[in-house]
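# Summary of the model geometry
The lines below spell out each chain.
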Amino acid sequence: MKLLVICVGHRMPDWVDAGVQEFARRMPRDSAMQIIEVKAEPRTQGKPVEVLIEAERARIEQAIPPRARIVALDERGDDLTTVALTARLRRWRADGDDVALLIGGPDGLSPALKSRAHELIRLSSLTLPHALARLLLAEALYRAVSLEANHPYHRE
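Residues numbered from 1 in each chain as written. Predicted model: local features only at pLDDT ≥ 70, side-chain atom pairs only at ≥ 80, totals over all residues. Heavy atoms only, no water.

### Section: the pairing of strand β3 (residues 69-79)
For a regular strand, the rule is simple: side chains alternate between the two faces of the sheet. The cut-off we apply is this: Any two strands with at least two DSSP-identified bridges between them are counted as paired. Helix numbers and strand numbers start at the N terminus; a helix is a DSSP run of H or I with at least 4 residues, a strand a run of E with at least 2. Here a crossover is taken to be right-handed if, once the strands point away from the viewer, the path from the first strand over the helix to the second is traced clockwise.
Pairing geometry for β3 and strand β4 (residues 99-103), over four bridges, is parallel. Paired with Ala72 across the two strands is Leu102, which belongs to β4. On the question of chirality, the crossover connecting β3 to the parallel β4 by way of helix α3 (residues 82-95) is right-handed. Looking at chain direction, β3 and strand β5 (residues 119-122) are connected through five bridges and run parallel. The partner of Val71 across the bridge, within β5, is Glu119.

Shown next as structure tokens:
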């Protein structure tokens, strides 16, 4: 199973890229994590938000592999503990498909993309910058994989 983190935007601060790559490097081969960045629609031309997120939706959909489980990050999604995320990870692995975890741009994900998702999860009740959401998701996935493997990284 591959964990594909599909994000809108690129040119993240160096500390974000370094942190995300460190957690990706630590992931076991059977749960490899890959970051896929898609271009954000420019916000300088006065286009309506709906037009912007639809353009980003098309780019995100092109990056989702066939048969992948789609998990959209959304503020109204399931609020998971680390233990609950680990259980989801086990279920995803049992299903055998790759998992595409979607992080939208500044205006979020399109309603059509969220309705297509197999599930919605949220990282926090706080509003997070998209760069920080990437890093937080990478760490949460690594922690869940570590917990599943009985690695001492996670403590309860």
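Structure shown, so let's carry the discussion forward.
### Some points on the environment of Met27
Our working rule: Any two residues having at least one pair of non-hydrogen atoms within 4.5 Å are treated as being in contact.
Within the secondary structure, Met27 sits in the loop between α1 (14-26) and β2 (33-38). Each C-alpha atom, one on Met27 and one on Gln45, is 40 Å from the other, the two residues being 18 residues apart in sequence. Those residues in contact with Met27 that lie beyond four places of it in its chain are Leu3, Met33, Leu141, Tyr142 and Val145.

### Concerning the packing of aromatic side chains
Our working rule: Planes of paired rings set the category: under 30 degrees apart is stacked, over 60 is edge-to-face and the rest tilted, where pairs are Phe, Tyr or Trp rings (Trp by its six-membered ring) whose centres lie within 6.5 Å. Placement of a positive charge over a ring is assigned whenever Lys NZ or Arg CZ falls within 6 Å of the ring centre and within 35 degrees of the normal to the ring plane.
Counted by the stated rule, this structure contains one aromatic pair. When the ring centre of Tyr142 is taken as reference, the NZ or CZ atom of Arg26 above it lies at 5.4 Å.

### Describing the layout of surface pockets
Selection rule: Lining residues are those with an atom within 4 Å of a point, where the points come from a 1 Å grid over the protein atoms alone and group into cavities, where a 1.4 Å probe fits but cannot get out, or pockets, open sets with protein on both sides within 12 Å along at least five of seven lines. Grid points are joined across faces, edges and corners, and a volume is the space filled by probe spheres set on the points. Polarity classes work like this: nonpolar for Ala, Val, Leu, Ile, Met, Phe, Trp, Tyr, Cys and Pro, charged for Asp, Glu, Lys and Arg, and polar for all others, with Gly in that last group.
In this model, the largest pocket occupies a volume close to 510 Å³. Contributing to the lining of the largest pocket are 21 residues, with Leu73, Asp74, Glu75, Leu128 and His130 lying nearest its centre. Elements with a minimum of two residues in the lining of the largest pocket: β3, β5 and α5 (130-148). Per-element tally for the lining of the largest pocket: the top contributor is β3, with four residues. Among the residues forming the lining of the largest pocket, the class breakdown is nine nonpolar, six polar and six charged. In this structure, the second largest pocket encloses a volume near 200 Å³. For the lining of the second largest pocket, the secondary-structure elements that each account for two or more residues are α3, β5 and α5. If you tally residues by element for the lining of the second largest pocket, the top one is α5, at five residues. Here the lining of the second largest pocket is built from residues that sort into seven nonpolar, two polar and three charged.

### Some points on α3
Because each turn of an α-helix spans 3.6 residues, side chains separated by three or four positions in sequence point in the same direction. Test applied: Here the expected length of a helix is defined as 1.5 Å per residue gap, with one fewer gap than residues. Throughout, exposure labels follow a simple rule: accessible area from a 1.4 Å probe, protein chains only, divided by the maximum for the residue type, with under 20% read as buried, over 50% as exposed, and the rest as partly exposed. What the arc measures is the spread of directions leading from the helix axis to the C-beta atoms.
Counted at 1.5 Å a residue, the expected span for α3 with its 14 residues is 20 Å, and the 20 Å between its end C-alpha atoms agrees. Among the residues of α3, those classed as buried are Leu85, Thr86, Arg88, Leu89 and Trp92. Summarising the axial view, the buried residues of α3 lie within an arc of 160°, below the 170-degree limit, and thus occupy one face. The secondary structure elements touched by the buried residues of α3 are β1 (3-8), β3, β4, β5 and α5. Trailing α3 by a residue or two, Gly96 shows a phi angle of about 85°, which is positive.

### What to know about the pattern of salt bridges
Short version of the rule: Salt bridge, as used here: a side-chain nitrogen of Lys or Arg that lies within 4 Å of a carboxyl oxygen of Asp or Glu.
With the rule as written, the count across this model stands at 24 salt bridges. Here Glu37 ties to Arg134 by a salt bridge, and the two come within 2.6 Å at their closest N and O atoms. In this pair, Glu37 sits in strand β2 while Arg134 sits in helix α5, placing the two residues 97 residues apart along the sequence. Overall, Glu37 belongs to the partly exposed group, its relative accessible area being 37%. Judged by its relative accessible area of 4%, Arg134 is buried. Between Arg57 and Glu61 there is a salt bridge, with its nearest N and O atoms 2.5 Å apart. Of the two residues, Arg57 and Glu61 are both situated in helix α2 (residues 49-63); the distance of four residues between them amounts to about one turn of the helix. Three or more residues are tied together by salt bridges with common partners; here these are Arg69, Asp78, Arg88, Arg91, Asp95 and Glu119.

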